[in-house]
Every structure is written in C-alpha cells, then in structure tokens.
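Residues per chain are reported as follows:
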Amino acid sequence: MDSARIQAMIENGLPGAQAEVSGADGVHFEATVVASQFAGKLPLARHRLVYATLGDLMGGAIHALALKTLTPEEAGKREPGIGNG
C-alpha cells in the first residue's frame, strides 16, 4: 500500500475533497483531509466518511490511519497548506 493510492481513494470517494497522505512503512499512515462533506459533522462521523472510502483496506493493508479532518472553512483558518492554496 502506498500514500498516493490512499490519497486517490479518499479523493475519489469524497468528490471535491483534498487529501495529503504520508506514511513511510507501508502500513501506518497519516492523512489530512479537507472536504465540504464534513460540515456539521462531529470528528467520529468525519472519520467514518474517510474510512468508508477505503473499505476493507482498513485494518488489513492499512494497519493504522491517523486522520485530521477539516471543512474548507476550517482549513482556511489554518497556516498555509492543504485546502488554502
């Protein structure tokens, strides 16, 4: 498993989302995901949306995924990086 594949799966599963994924060992990953679908949702619900894009890979090929989930508005309030140009 590689970061680029996970990023593509998240972005395909959440249309319009932006994801940054990293992970050097091939089983443990970190991701920051910015998606309008997160608006009005608690963190657990946001994480479930991301996990749904990865299906059976979670707990299998992807042993662990640390998530930061933001709406575009939340991302715009952060330092420059994903979701705010």
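Higher on the page you've got the structure.
Residues numbered from 1 in each chain as written. Predicted model: local features only at pLDDT ≥ 70, side-chain atom pairs only at ≥ 80, totals over all residues. Heavy atoms only, no water.

Draft legend 1. Summary view of the environment of alanine 35. Among the secondary structure elements, alanine 35 is positioned in the loop between strand 2 (28–34) and helix 2 (43–54). Given the relative accessible area of 0%, alanine 35 is considered buried. Separated by 35 residues in the primary sequence, alanine 35 and leucine 70 place their C-alpha atoms 6.5 Å from one another. Apart from residues lying up to four places away in sequence, alanine 35 is in contact with Ala17, Leu70, Thr71 and Pro72. (Helix = DSSP H or I, 4+ residues; strand = E, 2+ residues; numbered from the N terminus. Buried < 20%, exposed > 50% of the residue type's maximum accessible area, 1.4 Å probe, protein only. Contact = heavy atoms within 4.5 Å.)

Draft legend 2. Up close: the nonpolar core. Ranked by size, the top nonpolar core spans 17 residues in total, and within it Ile10, Val33, Val50 and Leu65 carry the most contacts. At the level of elements, helix 1 (3–13), strand 1 (18–22), strand 2, helix 2 and strand 3 (64–70) are the ones that each hand at least two residues to this core. With 3 residues, the single largest contributor to this core is strand 2. When sequence neighbours within four positions are dropped, the list of residues in contact with leucine 65 reads Phe29, Glu30, Ala31, Val50, Tyr51, Leu54 and Met58. (Core = buried A, V, L, I, M, F, W, Y, C linked by side-chain atoms within 4.5 Å.)

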